[in-house]
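Residue-level structure breakdown
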Amino acid sequence: MHEFSIAVNIVEIAEETAKLHHAEKISGIVLEIGEASGIVPEALEMAMQSAVKNTMLENAKITFIYIPAKAICNDCNKEFNPDNLIAVCPHCSSFNVTITSGKEMRVKSIEID
Amino acid sequence: MCDTCGCSNNSGYTIITSSGGHTHHGDDHQHPHTHPHQHDHGNEENHSHHHHSGKIIEVEKDALYHNNLLAERNRGFFEAKNIVALNLVSSPGAGKTLLLEKTVQSRQVKRIISVIEGDQQTTRDADRIKSAGVPVVQVNTGSGCHLDASMVHSALKELQPPDNSILMIENVGNLVCPAMFDLGETARVVVISVTEGEDKPLKYPYMFQSSHVCIINKTDLLPHLDFNLDELKNNALKINHHLQFFEISLRSGTGLENWLEWLNKQ
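Residues numbered from 1 in each chain as written. Chains lettered and ligands numbered in written order. Predicted model: local features only at pLDDT ≥ 70, side-chain atom pairs only at ≥ 80, totals over all residues. Heavy atoms only, no water.

**Comments concerning the overall build of chain B**
The test is simple: Working definition: helices are DSSP H or I runs of at least four residues, strands are E runs of at least two. Numbering for both runs from the N terminus. Type-normalised accessible area, obtained with a 1.4 Å probe on protein chains alone, sets the label of each residue: buried when under 20%, exposed when over 50%, and partly exposed for intermediate values. Any two residues having at least one pair of non-hydrogen atoms within 4.5 Å are treated as being in contact. Computed with a 1.4 Å probe, the accessible areas rest on the Shrake-Rupley method; for each residue, only the protein chains presented here act as cover.
Scanning chain B from N- to C-terminus turns up eight helices and 11 strands. Taking all 266 residues of chain B together, the buried fraction comes to 53%. Intrachain contacts of chain B at a sequence separation of at least 6 include 71% that bridge at least 24 residues. Total accessible area computed for chain B in this model is approximately 12100 Å², and 48% of it derives from carbon and sulfur atoms.

**Side note on the layout of surface pockets**
For clarity, the cut-off: A pocket here means an open set of points on a 1 Å grid, computed over the protein atoms alone, that has protein on both sides within 12 Å along at least five of seven lines. A cavity is instead a set of points where a 1.4 Å probe fits but cannot get out; residues with an atom within 4 Å of a point line either one. Grid points are joined across faces, edges and corners, and a volume is the space filled by probe spheres set on the points.
The calculated volume of the second largest pocket comes to roughly 420 Å³. In terms of lining, the second largest pocket is formed by 19 residues, of which the most central are A:K103, A:M105, B:A179, B:M180 and B:S210. At the level of elements, α1 (65–80) and α6 (205–209) of chain B are the ones that each hand at least two residues to the lining of the second largest pocket.

**Side note on the nonpolar core**
Cut-off, in case you're wondering: For our purposes a nonpolar core is just a set of buried Ala, Val, Leu, Ile, Met, Phe, Trp, Tyr and Cys residues, chained together by side-chain atoms within 4.5 Å.
Counting 36 residues, the largest nonpolar core has A:I6, A:I10, A:I29, A:L31, A:L44, A:M48 and A:I110 as the members making the most contacts within it. For this core, the secondary structure elements donating two or more residues are α1 (2–20), β1 (26–34), α2 (41–51), β2 (61–67) and β6 (105–112) of chain A together with β4 (55–62) of chain B. Sorting elements by how many residues they give to this core places α1(A) first, with nine residues. Apart from residues no more than four positions distant in its own chain, A:I29 is found in contact with A:I10, A:A14, A:L57, A:K61, A:I62, A:T63, A:V107, A:S109 and A:I110. Among the nonpolar cores identified, the runner-up in size contains 30 residues, and B:V84, B:V104, B:V191 and B:L256 belong to it.

**A closer look at the pattern of salt bridges**
The criterion, for reference: Salt-bridge detection follows one rule: a side-chain nitrogen of Lys or Arg within 4 Å of a carboxyl oxygen of Asp or Glu.
For the coordinates displayed, the defined rule picks out 16 salt bridges over all chains. Between B:K61 and A:E16 there is a salt bridge, with the nearest N and O atoms lying 3.8 Å from each other. With B:K61 in strand β4 and A:E16 in helix α1, the pair connects residues from two separate chains. Classification of B:K61 by relative accessible area gives partly exposed; the value is 22%. On the basis of relative accessibility, which here comes to 34%, the residue A:E16 falls in the partly exposed class. Notably, a salt bridge pairs B:E101 with B:R128, separated by 2.7 Å at the nearest N-O pair. Here B:E101 is found in helix α2 (residues 96–105), whereas its partner B:R128 is found in helix α3 (residues 124–131), with 27 residues between them in sequence.

**Section: helix α4 (residues 149–159) of chain B**
Here α4(B) has its buried residues at B:A149, B:M151, B:V152, B:H153, B:A155, B:L156 and B:L159. Just downstream of α4(B) lies B:Q160, where phi reads positive at about 45 degrees.

**Examining the packing of aromatic side chains**
Residues and elements named next belong to chain B. Quick reminder of the rule: Side-chain rings of Phe, Tyr and Trp (the six-membered ring for Trp) are treated as a pair once their centres are within 6.5 Å; stacked means planes under 30 degrees apart, edge-to-face means over 60, and tilted covers the remaining angles.
A full pass over the atoms with the stated rule returns five aromatic pairs over all chains. Look at F246 and W262: their rings are 6.2 Å apart centre to centre, the planes differ by 65 degrees, and that puts the pair in the edge-to-face class. Pair noted here: F246 is in strand β11 (residues 244–247) and W262 is in helix α8 (residues 256–265), with a separation of 16 residues, a long-range link. Across the pair, W262 and F246 agree in class, each one buried. When the centroid spacing of 5.5 Å and the interplanar angle of 15 degrees are considered together, the rings of W259 and W262 count as stacked. With W259 and W262 both in helix α8 and three residues apart, the pair spans about one turn of that helix. Take W259 and W262: they sit in the same class, and that class is buried. Joined through ring pairs, the aromatic side chains of F246, W259 and W262 make up one cluster.

**Quick word on the side chain of B:E101**
A relative accessible area of 11% means that B:E101 is categorised as buried. The contact partners of B:E101, leaving out residues within four places of it in the chain, are B:R128 and B:I129.

**Some details on the sheet that holds strand β3 (residues 70–73) of chain A**
All names here are of chain A. We apply this condition: Here the rule is simple: two strands pair whenever DSSP picks up at least two bridges between them.
Strand order in the open sheet formed by three strands is β4-β3-β5, with antiparallel pairing between adjacent strands. Each end of this open sheet is capped by a strand with a single partner; those strands are β4 (79–80) and β5 (97–101). With four bridges joining them, β3 and β5 adopt antiparallel strand pairing. Considered in β5, the bridge of K70 is made with S101.

This is how it looks when you write it as structure tokens:
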């Protein structure tokens, strides 16, 4: 259940940013979550519901953008979409691959009034 | 609700206990949420905002930005004092505490060792380490399932590890959550025992991917098990081909010397 820690961190980042802009409420937040980030989407969505209570995000619309995992093979240089962290190159069966995207867990933007 | 793991145990809190017995409660846990609440969310990208008057502010910050920032402060502290900080992770019962005890008791490590013990409750592990004769601080995470950079930061103030020493941070026994939290460590050491199954690295890839060293413990039990050591290693290497292995029986001491040698080279 590290998703709850992450949700609390997300709320902190959003509130910190909103305060810098002298806002009192946050009406929306956009989160970017990679498929290989180690976050279970349902768990994070549930955790966010709890984490926003009594915060500036209480009634905010939360948008989750899930980013597909991408990897590049260091042996044959071809790009592919791995199923998960256990990335095997489908072209040359190499395990020597680098995940190039899909590990994000980012607060992309917030909306204030 | 607990800030750290989301469990509903309202007594969840972090406690730092030094080997001298001094205790204080961390103030980074709050439990203010009591009333039920619903709001809309989902995988929506159509941007049909209800608040057209709203102003969008680009944030572009990692969700663990605060933890990562504090982890870098810890890392800077370790570098400045030439401290080798190791983050020991494993499932419960793999042998992290025994590894610490055997390492200390060997008297073969050239540097001074100090220890931060992470557990949900009790000072049992800290008591074990203390009787082995090294400075130790216990961090109780309450209902939390992992150590984070701020807990280590607080524990460091209590422990005050000396220059040129080794700091062993024993994380909470859990192969999932601790993988996500950088503590500022120099290296991450995952301990797995041969009773756990060869497929553990595939089931818990994040932990094995983020580790530098893998200690395979309880090798004295191998004759009694249908356990394929090569298969475990191959599975771990699929996740992380840089992983360095040590096969150890902490019970008999077999293989411990290779680990001690590695420690002395750090």
